[in-house]
Amino acid sequence: MAIPRLSNLLLLSTLFVSISWQASAYSAPEKFVQCLLNHSQPSHPIGPAIYTPNNASYSSVLESYIRNLRFNTSSTQKPFLIVTALHESHVQLSVICAQVHNLQMKIRSGGHDYEGVSYVAEVPFFILDMFNLRSINVDIKSETAWVQAGATVGEVYYRIAEKSKIHGFPAGVCPTVGVGGHFSGGGYGNMMRKYGLSVDNVVDAQIVDVHGRLLDRKAMGEDLFWAITGGGGASFGVVIAYKINLVRVPEIVTVFRVPRTLEQNATEIVYRWQYVADKLDDDLFIRLTMDIVNGSGGENNKTLKASFIGMFLGDSERLLSVMNKSFPELGLKQSDCMEMSWVESTLFWTSFPNGTAPEALLSRIPQVLTHLKRKSDYVKKPIPKAGLKWIFQKMIELEAPMLTFNPYGGRMGEISASATPFPHRAGNLWKVQYATNWETEGSEASECNIDLTRKLHMYMTPFVSKNPREAYFNYKDLDIGINHNANSKASYLEGRVYGIKYFKDNFDRLVHVKTKVDPKNFFRNEQSIPTLPY
């Protein structure tokens, strides 16, 4: 992907100067459209990318990438405008004109941020929607790919598999997640023990900065590149694309899903999982999910079901050898194992029916669309058996919230905590996700289910990381702090509350980068990186 010539950047800088004097004349949000239209390139007109509430397609464009139904209600504040960028110049214009008119901009790539931060605000705002910028250029010879921010993870998987049976990429298991947010915040998936996070395999990027310049890694400098590879892109600019290194996968991988209830010795198996999951062969990843189901006595007899979901980069024969040696307690059998190509395994992890064609990865419509709340934690010591039994009993009492444990070890323990802004490396056994989904609409149902999730999170306090209680940035959780201030000492202090939990010792470096590249804090949201207090 080519970067615009310096002459183009100079012209854009001139444009910024030429329209800045008009700021006093354009005081209302409605004038923002005029600013965009007046300075649009004739070769790439921005008009077709602009949607206002008067446009018949406005609602469908807004709602098509809302992935949490909590934020798709009549009372949810809507943007006064949506710019569905069709070209990089549309992003540059949006950034410049928004500053001229002092307007709040939200950047959306896939809409999967759990708290709706990319498309909800308490002040008048517009959305810069990246879904049209989704080209994927795979180069098998160099084992790299350029991926635009509006592409989905599923599209990336499909385009890689289209070119090669022995290449893949370590990223998440939900195919409709947008690359822009996923990669910039870390990118967690079932090959992390072998290859690390998505961000550990990013080698270049393109970003539109606060001055409207389109920069690659060399032009932006290593500090900014470091910041947008794990610290979130939306605090520093608008990420246009990432260049990734593909990873090698075998032609045949093996997956399995083995459920065990409390009556089937789940407590003992979960207890043992804690001690082996991070020490298994690096080719093996075993996720543990726990939810509440009906027991043998029907609805009045609830029990906990623990599901062990595995991804092995190899055939079933070698997998069984590894399991029999390292984790015989699970009792994995040949009949539990399913051999398939790597791209087929991505469909398995998304719970598509067996035999689903890989083209399903190209769909941008989520399989499930619901109301949801998520939280996260990190665990550094195994939970005692008595602790597990207590947690399981509390889950049965709460009934709705689910737990997912994602194991560490392997490559995750080899990468320095400061190599990227993502700090959760060696010393962690697994990451916890708390998940509650519900179908009932209305604030009462939302408050009830959010409260249940918070209670389970509270019950886990004795067993998780402390000082700080760490959290994963891509599992956005506004419970742990919100930044209400744009430019003040309070902004830094508020940002530090959640920033330390997400980024630990890397937070201060992120603040210094932010202060350098965006000193007036134009790129901001409820949990963005703040600037240094002035």
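The sections below set out a description of the structure shown in this document. (Residues numbered from 1 in each chain as written. Predicted model: local features only at pLDDT ≥ 70, side-chain atom pairs only at ≥ 80, totals over all residues. Heavy atoms only, no water.)

### Some remarks on the packing of aromatic side chains
Alright, step 1. What the rule picks out here adds up to 28 aromatic pairs.
Alright, step 2. An angle of 85 degrees between the planes, with centres 6.4 Å apart, marks the rings of Phe32 and Phe80 as edge-to-face. Of this pair, Phe32 sits in helix H2 (residues 30–38) while Phe80 sits in the loop between helix H3 (58–63) and strand E2 (81–84), placing them 48 residues apart in sequence.
Alright, step 3. Residue Phe32 is classed as buried on the basis of its relative accessible area of 0%. (Phe/Tyr/Trp six-rings, centres within 6.5 Å; stacked < 30°, edge-to-face > 60°. Helix = DSSP H or I, 4+ residues; strand = E, 2+ residues; numbered from the N terminus. Buried < 20%, exposed > 50% of the residue type's maximum accessible area, 1.4 Å probe, protein only.)

### Some points on the nonpolar core
Alright, step 1. One finds Ile228, Phe236 and Ile244 to be the most contacted residues of the largest nonpolar core, which totals 74 residues.
Alright, step 2. The contacts of Ile228, once residues within four sequence positions are left out, are Ser184, Ala205, Ile207, Met220, Gly233, Phe236, Val239 and Tyr242.
Alright, step 3. Counting 46 residues, the second largest nonpolar core, distinct from the first, contains Phe312, Val322, Met323 and Cys337. (Core = buried A, V, L, I, M, F, W, Y, C linked by side-chain atoms within 4.5 Å. Contact = heavy atoms within 4.5 Å.)

### Examining the packing of helix H13 (residues 385–398) against helix H14 (residues 443–459)
Two packed helices can be described by the angle between their axes and the distance between those axes.
Alright, step 1. Put simply, H13 and H14 touch, their axes get as near as 11 Å, and they point 170 degrees apart. Classed by the angle they form, the pair H13 and H14 counts as roughly antiparallel. Facing Trp390, Lys394, Met395 and Leu398 of H13, the residues of H14 in contact are Leu452, Lys455, Leu456 and Tyr459.
Alright, step 2. Considering only residue class, the contact of H13 with H14 consists of six nonpolar, no polar and two charged. (Axes fitted to C-alpha atoms, helices over the stretch in contact; angles between N-to-C directions. Parallel < 35°, antiparallel > 145°, perpendicular 65-115°, else oblique. Nonpolar A, V, L, I, M, F, W, Y, C, P; charged D, E, K, R; others polar.)

### Examining the sheet that holds strand E5 (residues 136–139)
Alright, step 1. An order of E5-E6-E10-E8-E9 is seen for the five strands of this open sheet, with the pairing classed as antiparallel. Looking at the sheet topology across the chains shown, the edges are occupied by E5 and strand E9 (214–215).
Alright, step 2. Where strand E8 (residues 202–208) and E9 come together, two bridges link them in antiparallel fashion. Residue pairing for E9: Val208 is matched across the bridge by Leu214.
Alright, step 3. Sheet strands in contact with helix H4 (residues 88–100) are strand E6 (144–148), E8, E9 and strand E10 (238–245), and its direction is about 135 degrees off that of E10. (Pairing = 2+ DSSP bridges.)

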